[in-house]
Amino acid sequence: MSPVQRAYYGINAPAPENPQVVHRQDAATTRGRKVRARNRRARKFNIFRIALGSFAVILLIGSVYTLLTHPIFNVKDVAVQGNRSIATETILKRAGTMRGKNIVLLNTTQIQLSLLKEPTFESVIVSRTPPNGIKIAVHEREPWATVKTITIKGVSYFTIDRNFVPFRGASILNKELPLIRLDTQSQSNPAVITLGKALSVVSLNEAAICVDWANKQTDFPLESVVIASDGKLCLN
C-alpha cells in the first residue's frame, strides 16, 4: 500500500525497527533455545542415571540373596591347624556345629571365644575360606616350667608358659621341665589356681630369671627353684 493510500485510509506507517532491539530479541531467543536444549540433555542424563542406579541396586540385592541362600555357600570343609596336644575332634566339638550352615551367617567370633575357653590355647583365629570352607588356626601355649604348690586338693602340679599362665594340671611331676616350688602356700592357706589365668606370686619374676639363666648354661643343671614363704629364692 502506497503512502497516499495509507494517508487516505488513516493507516499509520509502521515505525522503523530499532536494530539494537532486534539484536536483543534474537539473543534472547538463542539463549532460550540453548536453555531448553540443555534441560532436555539433563533430563535424559537423569533418566540414564536413575536407570543405572536401579540396575545396580537390583544386582546387589540379587547377589546378597544368592550369597545367603545358595547351597554352595553352606559350610562343607572345616580345617584345623596348629594343634599339637588337643585332638582335632575335641576342637571341632567345642567349636559347635558348623557344617551345613551359611558361611556368611556363621558367627566366627562366637566360635573363637568358645575355643579360647580351652586354657591350652594362647590364641585362636577362625576365618572363612570361600565358597564353603572354615579354617581354625590355634596357637598352643609353650610349656616352660612346672609349678608345685598346695591347693585344696593337696599337692598339685601345673604346667605354665613363660607368661606364668597355668594351662595344664597334673598329679605327678613332669621331670622334663624346670620345677618352681611355691612354699608360700600351706594346707591352712591353699593356693587358688585358675587355668588360663596368670599367676600372681611374689618373687615369681625373679624365679623366672633364674630359670632362663640356667637354661642357657651347660654346666649348671637346675632341678628346681623354691620360693619361700618370705619371698626368698633357693636354687637346687
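The preceding data block contains the structure.
If you're wondering where the values come from, they're calculated on a predicted model, not measured in any experiment.

Re the environment of valine 225
Point 1. Assignment of secondary structure puts valine 225 in strand S8 (residues 224-227).
Point 2. When the C-alpha positions of valine 225 and valine 147 are compared, they lie 9.5 Å apart, and in sequence the two are 78 residues distant.

Digging into the packing of aromatic side chains
Remark: the centre distance and the inter-plane angle together describe each pair of aromatic rings, the angle taken between the planes.
Point 1. Counted according to the given criterion, the structure contains 1 aromatic pair.
Point 2. One Lys or Arg, arginine 162, reaches over the ring of tryptophan 144 and ends 5.0 Å from the middle of that ring.

Side note on the pattern of salt bridges
Point 1. For the structure shown, the criterion picks out 5 salt bridges.
Point 2. Across the pair arginine 181 and aspartate 183 runs a salt bridge, and its minimum N-O distance is 2.9 Å.
Point 3. According to the relative accessible area criterion, arginine 181 is partly exposed, its value standing at 30%.
Point 4. Note on aspartate 183: relative accessible area 32%, which makes it partly exposed.

Points about the side chain of glutamate 118
Point 1. Take glutamate 118: it is sitting in the loop between helix H4 (108-115) and strand S2 (121-129).
Point 2. Given the relative accessible area of 14%, glutamate 118 is considered buried.
Point 3. In terms of polar contacts, glutamate 118 uses its side chain to reach the side chain of threonine 120, at 2.8 Å.
Point 4. Residues contacting glutamate 118, with those up to four places away along its chain left out, are Ile86 and Arg94.

Here we look at the environment of threonine 159
Point 1. On the accessibility criterion, threonine 159 (8% relative accessible area) is buried.
Point 2. Sequence separation of threonine 159 and proline 143 is 16 residues, and the distance between their C-alpha atoms is 6.2 Å.
Point 3. Sequence-distant contacts of threonine 159, defined by excluding residues within four places in its chain, comprise Pro143, Ala145, Val165, Pro166, Phe167, Arg168 and Leu177.

Examining the sheet that holds strand S3 (residues 133-140)
Within a sheet, neighbouring strands are paired by backbone hydrogen bonds and run either parallel or antiparallel to one another.
Point 1. Pairing in this open sheet of 3 strands is mixed, and the strands run S1-S3-S2 from one edge to the other. Because the sheet does not close on itself, it has two edges, and the strands there are strand S1 (77-81) and S2. Neighbour to neighbour, the strand axes of the sheet diverge by 15° on average, direction disregarded.
Point 2. Judged from the 8 bridges that link them, S2 and S3 form a sheet pairing that is antiparallel. Residue arginine 128 lies in a different strand from S3, and its bridge partner there is isoleucine 134.

Some details on a positive patch on the surface
Point 1. A cluster of like positive charges, contributed by Arg33, Lys34, Arg36, Arg38, Arg40, Arg41, Arg43 and Lys44, occupies part of the molecular surface.
Point 2. With respect to the element layout, arginine 40 can be found in helix H2 (residues 19-69).
Point 3. By relative accessible area, which is 44% here, arginine 40 ends up partly exposed.

Describing a nonpolar patch on the surface
Point 1. A cluster of nonpolar side chains, Phe45, Phe48, Leu52, Phe55 and Leu59, forms an exposed patch at the surface whose accessible area comes to about 570 Å².
Point 2. Note that leucine 59 resides in helix H2.

Description of the pairing of S3
Within a regular strand, side chains alternate between the sheet's two faces.
Point 1. With 5 bridges joining them, S1 and S3 adopt parallel strand pairing. Looking at S3, one finds that alanine 79 is bridged to lysine 135.

Focus: the pairing of strand S7 (residues 179-182)
Point 1. Strand direction decides the pairing type here: strand S4 (residues 145-151) and S7, joined by 3 bridges, are parallel. Bridge pairing in S7 places threonine 146 opposite leucine 179.
Point 2. Where S7 meets S8, 4 bridges bridge the pair, whose relative direction is parallel. Considered in S8, the bridge of leucine 179 is made with serine 224.

Rules of the game
- Residues numbered from 1 in each chain as written.
- Predicted model: local features only at pLDDT ≥ 70, side-chain atom pairs only at ≥ 80, totals over all residues.
- Heavy atoms only, no water.
- Helix = DSSP H or I, 4+ residues; strand = E, 2+ residues; numbered from the N terminus.
- Phe/Tyr/Trp six-rings, centres within 6.5 Å; stacked < 30°, edge-to-face > 60°.
- Lys NZ or Arg CZ within 6 Å of the ring centre and 35° of its normal.
- Salt bridge = Lys/Arg side-chain N within 4 Å of Asp/Glu carboxyl O.
- Buried < 20%, exposed > 50% of the residue type's maximum accessible area, 1.4 Å probe, protein only.
- Polar contact = N/O pair within 3.5 Å; in protein donor to acceptor, adjacent residues only side chain to side chain.
- Contact = heavy atoms within 4.5 Å.
- Pairing = 2+ DSSP bridges.
- Axes fitted to C-alpha atoms, helices over the stretch in contact; angles between N-to-C directions.
- Patch = residues over 30% accessible without salt bridge, like charges linked within 9 Å, V, L, I, M, F, W, Y side chains within 5 Å.
- Areas by Shrake-Rupley, 256 points an atom, 1.4 Å probe, with all protein chains shown as cover.
- Lys, Arg positive; Asp, Glu negative; His and termini not counted.
- Charge placed at Lys NZ, Arg CZ, Asp CG, Glu CD.

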